[in-house]
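Coordinate analysis (summary)
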Amino acid sequence: MSSSTMNAGSMSNHFGLFLPTILSQSNDEQLSNWLEPTFGGKIIGCYAQTELGHGSNVRGLLTIAEFDKTTQEFVLNTPTLPSIKWWPGTLGKAATHAIVYAQLILDGKEHGVQAFLMQIRDENHRPLPGIEVGDLGPKMGDHANDTGFLRLENVRIPREMMLAKNQEVTPEGKFISRTSSGNSKSHYSTMMLARASFIMMAGAYLARAVTIAMRYSCVRRQGFEDTASTSFRAPEKQIIDYQVQRYRVFKQLAIAYAFKFSSQWLSNRQAAKKGGDEKDALQDLKEIAATGAGLKGLCTYMTWEGIEDCRKCCGGNGYLMVSGLAPLSQDYVWQITAEGDYILMILQLAKFLLSTYQDAVKGVPVSEQCDYLADIAKPNFNSEALRPPAAKSFRDFLDLGVLLSWYKYRALVTLVDVAAQYTGKLSEGVPKDVAFNECALAGTHAVRAHCFYFLLRNFIQAIKAVADKPVQVVLTQVATLFGLCLMIDENWGGCLSRADLSMVKQANAHILDVLRPNAIALVDAFDIPDRVLGTALGNADGNVYEALYESVKKAPLNQVDPYVGYDQMQKYLDLDILKKRSKL
Ligand SMILES: Cc1cc2nc3c(=O)[nH]c(=O)nc-3n(C[C@H](O)[C@H](O)[C@H](O)COP(=O)(O)OP(=O)(O)OC[C@H]3O[C@@H](n4cnc5c(N)ncnc54)[C@H](O)[C@@H]3O)c2cc1C
């Protein structure tokens, strides 16, 4: 499970956003012109969509591209303050080119947001005429990336610079679209690619954090094993053996494994969808795109929470930058917002689930991801009939099949509840958008329930494919822990009885004990080299105190003695007292 996630700085946007957009939205001629310099890094590109005034509402962008038939050029402007491009990574300093998203206007008529490839800096790396460009300044993290702004004033680019795989403007100024707006395969493919990489990174980042926290928790001892002992030399407990610490660290371990397996699902499904008939594949792509959106929102948020909790699990030392966890937490947090704010992403999946529910009620077959809706069109359908039987012992909850049936049931009832609310409002004549907004909070709960069912199911399927039996056994325990932890933390009170919930907690305590001997092996299996972890707390050799002591010697303030500014301070000190040494 090798996973190294290094901050790729400016080039991450070039390869992560600019290149995929060119690949998926250019026509053949454009590809033959642009692909080689892009792949070869002969030009450096960024993805300029967000503006000062608009991020989530892409349709509301204010950058304008008007076509000038006489010169066969587009004229691009950011006419107002809110229309300035704001946030694109790589734009601030490094980019020579940008994919700029702008409202296309032909003879005064709007043709929606289109993408344009534009050179922004010349051979001396100076902005081209009509362009003002710069960096946004210090951010919370992601410091290696020059996040920028861009102002355009009558910037002219040739007609051929509009990305034209699915639409184009003819020399006569006519707009030709080859697909219905927003419904093209490439539109979904670009989004899915970016989201799959966010989910993959979520698993990788969390694995890094939990590797450090787990190793530190196994090395660090705090508190006497026998609290009645009177000698300070009495043996102390490893902090991983405190129940709450064990729960917190192992929970993040289980989540990291679950994310890794699910990101594989998304990439595999995308790969399977390459080629094929556009119309047939579209519904499937919509589902993959919506699932990717929901997972991007949920996984990035949970990963940041997880990294932060791993950091706190290391006490005061977790606050040091040399912990590796403090910078990781700060460096990760932007991923919750970039490429789609997490709530917007979650709500996108909520919309998809509600429309799937409405289709399912009419008898339209549902996909594997929404199989819990399969029987909903049957006469006398009653969701309670699908409630798993009450447990007889906590051991019932150690069975992955039982856990999965509970997750399936919860996904069903949570969605049924919000769908009832939503359709009720629609039948009262409330407009669709208003009704959705009034159900949005419940919608986020349905998405969480759906995603957790999805994550557990994919985890289980991936484990079945593991050939090594002992590894399969341990991974089964990790998946069980994943299921149990989320039952405890995700407010299952309305779903499980009090007695069931109590058995879930017992099962959870049991599985934590079972997994304890494999604590280190499970993080070593992530196979993250020390140089990637960048930590003094969680290196593979376990020499925490030695590494911490070495690191303080390299701290900037320790490089000069006494310190810069001491001359000023010395005037106020009583040097006679100081000359007495310790005889005061
Ligand atoms: C580090 C970083 C890198 C980025 N890189 C790029 C890049 O390379 N290129 C690029 O073009 N952009 C980039 N972005 C911009 C990013 O895509 C946007 O910040 C993001 O889409 C959110 O938009 P916003 O900032 O306008 O927030 P807003 O849309 O203003 O959201 C603010 C709040 O309102 C809520 N909200 C907004 N609309 C709704 C709604 N319809 N329903 C419910 N709640 C809503 C949101 O949940 C959020 O809490 C980057 C951002 C960051 C932080």
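As a reminder, the structure under discussion sits directly above these lines.
The structure contained in this document is the topic of the report that follows. (Residues numbered from 1 in each chain as written. Predicted model: local features only at pLDDT ≥ 70, side-chain atom pairs only at ≥ 80, totals over all residues. Heavy atoms only, no water.)

**Digging into the pattern of salt bridges**
For the structure shown, the criterion picks out 25 salt bridges. The closest approach of N and O atoms between Asp 68 and Arg 156, which form a salt bridge, is 3.1 Å. One end of the pair, Asp 68, is in strand β2 (residues 64–68); the other, Arg 156, is in strand β9 (residues 155–158), with 88 residues separating them in the sequence. The class of Asp 68 is buried, set by a relative accessible area of 18%. Judged by relative accessible area, Arg 156 falls into the partly exposed class, the value being 41%. For Arg 246, the salt bridge goes to Asp 513, with nearest N and O atoms at 2.7 Å. Taken together, the positions of Arg 246 in helix α4 (residues 243–273) and Asp 513 in helix α12 (residues 498–515) put the pair 267 residues apart, joining distant regions of the chain. Residue class for Arg 246 comes out buried when judged on its relative accessible area of 11%. Connected through salt bridges with shared partners, the residues Asp 241, Arg 246, Asp 513 and Arg 516 form a single ionic network. (Salt bridge = Lys/Arg side-chain N within 4 Å of Asp/Glu carboxyl O. Helix = DSSP H or I, 4+ residues; strand = E, 2+ residues; numbered from the N terminus. Buried < 20%, exposed > 50% of the residue type's maximum accessible area, 1.4 Å probe, protein only.)

**Observations regarding the sheet that holds strand β7 (residues 131–135)**
The strand order across the open sheet built from 3 strands is β4-β8-β7, with neighbouring strands paired in antiparallel fashion. Looking at which strands have only one partner, the edges of the open sheet turn out to be β4 (85–86) and β7. With 2 bridges connecting them, β4 and strand β8 (residues 148–152) associate as antiparallel partners. Following the sheet pairing, Trp 86 is matched in β8 by Phe 149. (Pairing = 2+ DSSP bridges.)

**A look at helix α15 (residues 544–553)**
Residues Val 544, Leu 548 and Ser 551 constitute the buried set of α15. Buried residues of α15 fall within an arc of 65° about the axis and therefore sit on the same side. (Arc of directions from axis to C-beta.)

**A word on the pairing of β8**
Residues in a regular strand point their side chains to alternate faces of the sheet. Counting buried positions over the 5 residues of β8 gives 4, a clear majority of the element. Bridge analysis of β7 against β8 gives 5 bridges, and the strand direction is antiparallel. The partner of Val 133 across the bridge, within β8, is Leu 150.

**Describing the site of the ligand**
Around the ligand, the surrounding shell holds 19 residues, and the nearest of these are Tyr 47, Gln 49, Thr 50, Ser 56 and Asp 341. In the environment of the ligand, an oxygen atom lies 3.4 Å from a nitrogen or oxygen atom belonging to the backbone of Glu 339. For the ligand, the accessible surface in isolation is 970 Å², of which the surrounding protein chains cover 64%. When residues of the shell around the ligand are traced back to their parent elements, those giving at least two are α1 (10–25) and α7 (342–361). The element best represented in the shell around the ligand is α7, accounting for 3 residues. Grouping the constituent residues of the shell around the ligand by class yields 9 nonpolar, 8 polar and 2 charged. (Near = heavy atom within 4 Å. Polar contact = N/O pair within 3.5 Å; in protein donor to acceptor, adjacent residues only side chain to side chain. Areas by Shrake-Rupley, 256 points an atom, 1.4 Å probe, with all protein chains shown as cover. Nonpolar A, V, L, I, M, F, W, Y, C, P; charged D, E, K, R; others polar.)

**What to know about the environment of Ala 338**
Within the secondary structure, Ala 338 sits in the loop between α6 (325–332) and α7. Each C-alpha atom, one on Ala 338 and one on Gly 137, is 17 Å from the other, the two residues being 201 residues apart in sequence. Not counting the four nearest positions on each side in its chain, Ala 338 is found in contact with Phe 198 and Lys 296. (Contact = heavy atoms within 4.5 Å.)

**A closer look at the packing of aromatic side chains**
Overall, the coordinates contain 15 aromatic pairs when judged by the stated rule. Taken together, the ring pairs connect Phe 67, Phe 74 and Phe 116 into an aromatic cluster. Looking at Lys 296, its charged tip hangs above the ring of Phe 198, at a distance of 4.8 Å from the centre. (Phe/Tyr/Trp six-rings, centres within 6.5 Å; stacked < 30°, edge-to-face > 60°. Lys NZ or Arg CZ within 6 Å of the ring centre and 35° of its normal.)

The quantities given are spatial measurements derived from coordinates; they are silent on function.
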